[in-house]
Structures are given as structure tokens and as C-alpha cells.
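Chains, contacts and geometry: an overview
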Amino acid sequence: MTSPLSTTSTDVDPRRWLALVVIAVAQLMVVLDASIVNIALPSAQEALGISDANRQWVVTAYALAFGGLLLLGGRVADFVGRKRAFIIGLVGFGIASAVGGLAQNQIELFGARALQGAFAALMAPAALSLITVTFTEPKERAKAFGVYGGISGGGAALGLILGGVLTEYASWRWTLLVNTPIAIATAVAAYLLVRESRAEGKARYDIPGVVTSTLGLGALVYGFTMASEDGWSSAGTISLLVAAVVLLVAFVVIEMNTAEPLLPPRVFTERNRAAAFLVSLLLGLALFGMFLFLVYYMQGTLQYSAVKSGLAFLPFSVGVVIGAGVASGFLPRVGPRPLMVGGTVMAAIGMALFTQITVDDSYLAVVLPAQIVMSIGMGLAFVALSSTALVGVEDHDAGVASALVNTTQQVGGSLGTALLNTIAASATAGYITANGVAQTPEGLVHGYTVAFTWGLGALILAAVLSLVLVTKQRPAATDEGDETPFEHAEELVVI
């Protein structure tokens, strides 16, 4: 491994643009993995005999590990060395992907997905930090982050298509196996092209905070899953939910009393920033749930192939990009509040349309309009909340605040997927019990619409929080040529 090198304005890395290509490929892989598996999920469920209650773990295991360990991953990268952490993350991600692709049962698949998330939590913040220290000139840094943001936005669409192609013409296993050669090749390129950098000072890690927060969230997700099989009043479900509350309360107490907290409480004391994190959590809950059930609706009810399902999701990705572009233009002039409120309301309208789907509906009549409205709203809201999370934050908390936008989205997604899957499965079972097995197709769609209704509730709450808590308006005037705090906010958006 190369020794740490300073990247200052007088010591510009001549290979910085090649290094950006390497970092972009790694980011693309992380983004792809979130969407590529969604399309493959019905095939994987059938092949490994995964129950409806447990299918959400394919999504949740990754999101929970990624979101729960992201803050720690950033700190590890800073002190161990960003290049070293980046390479370790790449190699680990590739190995975990191979294990998942070769899984022979659901436990192996869930475990591999969790490992993927853990290594992604090390790789992603290291990649973002490497861009920051490699590109020190403001205009070059803006271009570099523009590439990074574009990969984050467009990668999801590519993942949907690639996932469909691999699932239909090869196997669902290749949606995971494809990562391995790419990750290893990227790690080799990173070793050759990327400079090392690390933070000064003694490394300190909040291990008790990591353990209590991760176990607490895991117990909460597992409690939601058990409720689907055993009921909310069962001893196992109640025990897990109580354990989750105890662990999460312990996490809060630890963070308030430790010298180097994983999640400094002061980051949440500013109301606009707190609102941004809460809205991000709720948007993640609604978004992940929508993707899960819409995949099953397309492939199960509409009888779409994996490829056709992937292509059918493209308007959503395009809508997010359009919404983000519009928001980035208006944000410096109008501030975040109108965009957050308008975006969450639009997303809620789109989700309300999803609640109206039936067995006999067509894609063009209901699904496409709902996707367009919801996706544009999501793009508007995510850009606005990303900027709000960073405005006014102290320099020493900027990294934590940036990571929290992604963390809250991933944690919200993991919790939402588990909760909404339980709600949908229970609603479907109740419908079939009341109407007979012959009504199973209608029962499945009923479960989806009930889940969409709960997602709608989350989006309405997000709109209310945006309206009530966000007070930040237009940014203060800056000197000519200076960037406002809201510029380039779209570069932080990861869907």
C-alpha cells in the first residue's frame, strides 16, 4: 500500500481523473446492487423456497447493514486510510457477492447480503472522501461530484435493466455474481491509481454505539418479521420489540455521554436539519416498500418478464433525475421548504394512485402515471433535504451530516420493507381466509394496496414535517462568484 500523500492545490494528482473513473465504477456497483436484486427477487424466492414473510430480508439485510454501519465506515476510512478502506471494501464486497450468488439456502443469501452491506458501508464513505481530497480545485471538485451524483441517479435505472436481463437470460444468481470480477478489477485499479490519505490524530471508535444501534435496529426488523408469522401479541414478537426499544434507548444514552459519539446529538439540535433527517427516513420507508411490492405486482399479477419489469421501472428513474434537475435550479432562489413540501406532496399523490391498483388494471392506466408523479416528487424532495441537512453544520460534523442523509434513507428503507411486508402478508392472509383460496390473486393485490396505504401515510407525515419544521428559506447573499450553501446539492442524492 502506498504511503499517505497530501493532495493540496500545489500537489495536484496527475492521475486524478483516472482515479475518478475507478471511484465511479465502485459507486455504480453499490447503487446497482440495490436495484438489480429487486428485479431478481421473485426468482430467488422461488428457487430457494423463501417464505413471503422472509423475502424482505434480501432487501433488508443489505440496507440495514449498510445504513447501520455507514457512520462507522466513514470513521474507519478516515483513520485507517481512505484508499486502504476503499480497497478492503471492494474486495469484501466482491467476495460477499460471490457467496450470495452461490447460496444454496435463504440463510446463506441473507448473510451474504448483510456482508455486502457491511463492506459497502466501508467503501461508500471512503469513495466520497477520496473525491474530496483528490479534487481540491473548486470547479474540478464540482465536476467530480457531478459525475458521482450522476452515477448515483442513473445507476438505479441501469440496475433495473441489467437485473432483468441477467435474471431472464442467465439466472438470478448472476445479479450477485456479476459484482465479483468487477470488484476485484476495480480494487487492482484503485491500488495502482488512487492516492492514499488519512485523517490526523488518534483513531477512536464508538463500538458500544455501533453494537447497540445495529442490534436494536436488527431486533426491530426481526420483530416486524415475526409478527407476520406469529402475530403482534406473540411472546417472541413482543420480546424482540421490547429488546429493540431497550437497545435503542441505550444507544441514545451512550451517544449523549461518550467523548467520541458515532452520532453526535448536536447534529439533531437544529430544527431544519432534524426535519431533513426525519423526512429522509420516511421517504426511504415509502420508496423501498413501493419497489418491493411493485416488482411482485408486475411479475406476479401483470405477468411481466424480468426484463419487461426492469424496463417498466425506467420512468421512475427518469422522473427522479428530472425532479432533481428542477430542484437544483430552483433551490438557490426559493430555498428548501417549498421543494420539500411540494415534493413530498407529489410523492404522496403518486402513492395514492398506487393504492388504487387492481388485478385487472393495466400498466399504462395506473402504474405509469403513479410512477411519474411519485418519482418527480422524490427528486424534488431529496435534493432539498440533502442541502438542508448540511446548511449551517460545523466543519467537524459535515461528514456525519452528509452520511446521515444516506443512513436515514437506508434505515428507513430496511424498517419500512420489514414492516410493510408484514402488513401486506397479514392483509393477504386475512383476505384469502375471508374470501377463499380462489381469490388468492385478488388477495395478493389487496395486500399490496394496504402496504401502499401505509406508505402513503408515511409520505403525508413527511409533508407535514416539512411544512411545520423547515423554516430555512432562501440562502443569504454571497459574494459574486461564491457558491451558495445550496448549490450542487443534487450531487448528494442517492436513490
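Criteria and cut-off values
- Residues numbered from 1 in each chain as written.
- Predicted model: local features only at pLDDT ≥ 70, side-chain atom pairs only at ≥ 80, totals over all residues.
- Heavy atoms only, no water.
- Core = buried A, V, L, I, M, F, W, Y, C linked by side-chain atoms within 4.5 Å.
- Buried < 20%, exposed > 50% of the residue type's maximum accessible area, 1.4 Å probe, protein only.
- Helix = DSSP H or I, 4+ residues; strand = E, 2+ residues; numbered from the N terminus.
- Contact = heavy atoms within 4.5 Å.
- 1 Å grid on protein atoms, 1.4 Å probe; cavity = no way out; pocket = protein on both sides within 12 Å on 5 of 7 lines; lining within 4 Å.
- Points joined across faces, edges and corners; volume = space filled by probe spheres on them.
- Nonpolar A, V, L, I, M, F, W, Y, C, P; charged D, E, K, R; others polar.
- pLDDT = per-residue confidence, 0-100.
- Phe/Tyr/Trp six-rings, centres within 6.5 Å; stacked < 30°, edge-to-face > 60°.
- Lys NZ or Arg CZ within 6 Å of the ring centre and 35° of its normal.
- Axes fitted to C-alpha atoms, helices over the stretch in contact; angles between N-to-C directions.
- Parallel < 35°, antiparallel > 145°, perpendicular 65-115°, else oblique.
- Left-handed = near helix turned anticlockwise from the far one by under 90°.

**Describing the nonpolar core**
Residues Met290, Met298, Met351, Phe354, Met374, Met378 and Leu459 are the most contacted members of the largest nonpolar core, which totals 105 residues. Broken down by element, the residue count for this core peaks at 19 residues, all from helix α10 (residues 271-301). Discounting residues that sit within four places of it in the chain, Met298 has contacts with Gln303, Tyr304, Ser309, Ala312, Phe313, Tyr363, Val367 and Gln371. Listed in part, the 33 residues of the second largest apolar core include Ala85, Phe86, Leu122 and Ala144.

**Digging into the layout of surface pockets**
A volume near 670 Å³ is recorded for the second largest pocket. Contributing to the lining of the second largest pocket are 25 residues, with Leu217, Phe251, Leu263, Phe268 and Val411 lying nearest its centre. Secondary-structure elements contributing two or more residues to the lining of the second largest pocket are α2 (57-80), α8 (207-230), α9 (235-257), α10 and α15 (398-435). Of the residues assigned to the lining of the second largest pocket, the class counts are 19 nonpolar, 5 polar and 1 charged.

**A short note on the confidence of the model for the chain**
Segments scoring low in pLDDT should not have their predicted coordinates read at a detailed level. Mean pLDDT over the chain stands at 84; residues scoring 70 or higher make up 88%. Contacts of residues 1-10 to residues separated by more than four positions or lying in other chains number 20 contacts, the stretch itself having pLDDT below 50.

**Some remarks on the packing of aromatic side chains**
Summed over the entire model, instances satisfying the criterion amount to 10 aromatic pairs. Both rings, one in Phe224 and one in Trp232, keep their centres 6.1 Å apart while their planes meet at 65°; by these two values the pair is edge-to-face. The partly exposed category is assigned to Trp232, whose relative accessible area is 41%. Seen from their ring centres, Phe291 and Phe313 are 5.3 Å apart, and the 45° between their planes marks the pair as tilted. Of this pair, Phe291 sits in helix α10 while Phe313 sits in the loop between α11 (306-312) and α12 (314-334), placing them 22 residues apart in sequence. You'll find Phe291 and Phe313 in the same group, each marked buried. Following the ring pairs from residue to residue traces out a cluster consisting of Phe293, Phe354, Tyr448 and Phe452. Here Lys308 stacks its cationic end above the ring of Tyr304, 4.3 Å away from the centre of that ring.

**Looking at the packing of helix α13 (residues 336-354) against helix α16 (residues 440-469)**
One can describe the packing of α13 onto α16 by two numbers: an axis separation of 8 Å at closest approach and a directional angle of 165°. When the axes of α13 and α16 are compared, the pair comes out roughly antiparallel. Between α13 and α16 lies a crossing of left-handed hand. Residue-level inspection shows Arg337, Met340, Val341, Thr344, Val345, Ala347, Ala348, Met351, Ala352 and Phe354 of α13 in contact with α16, the latter providing Thr449, Phe452, Gly455, Leu456, Leu459, Ile460, Ala462, Ala463, Ser466 and Leu467. When its residues are assigned to classes, the contact of α13 with α16 shows 15 nonpolar, 4 polar and 1 charged.

**With respect to the environment of Phe86**
Among the structural elements, Phe86 can be located in helix α3 (residues 82-101). The class for Phe86 is buried, based on a relative accessible area of 0%. Each C-alpha atom of the pair Phe86 and Leu130 lies 8.9 Å from the other, and the pair is 44 residues apart in sequence. Residue contacts for Phe86: discarding those within four places in its chain leaves Val22, Ile23, Ala26, Met123, Ala126, Ala127, Leu130 and Ala190.

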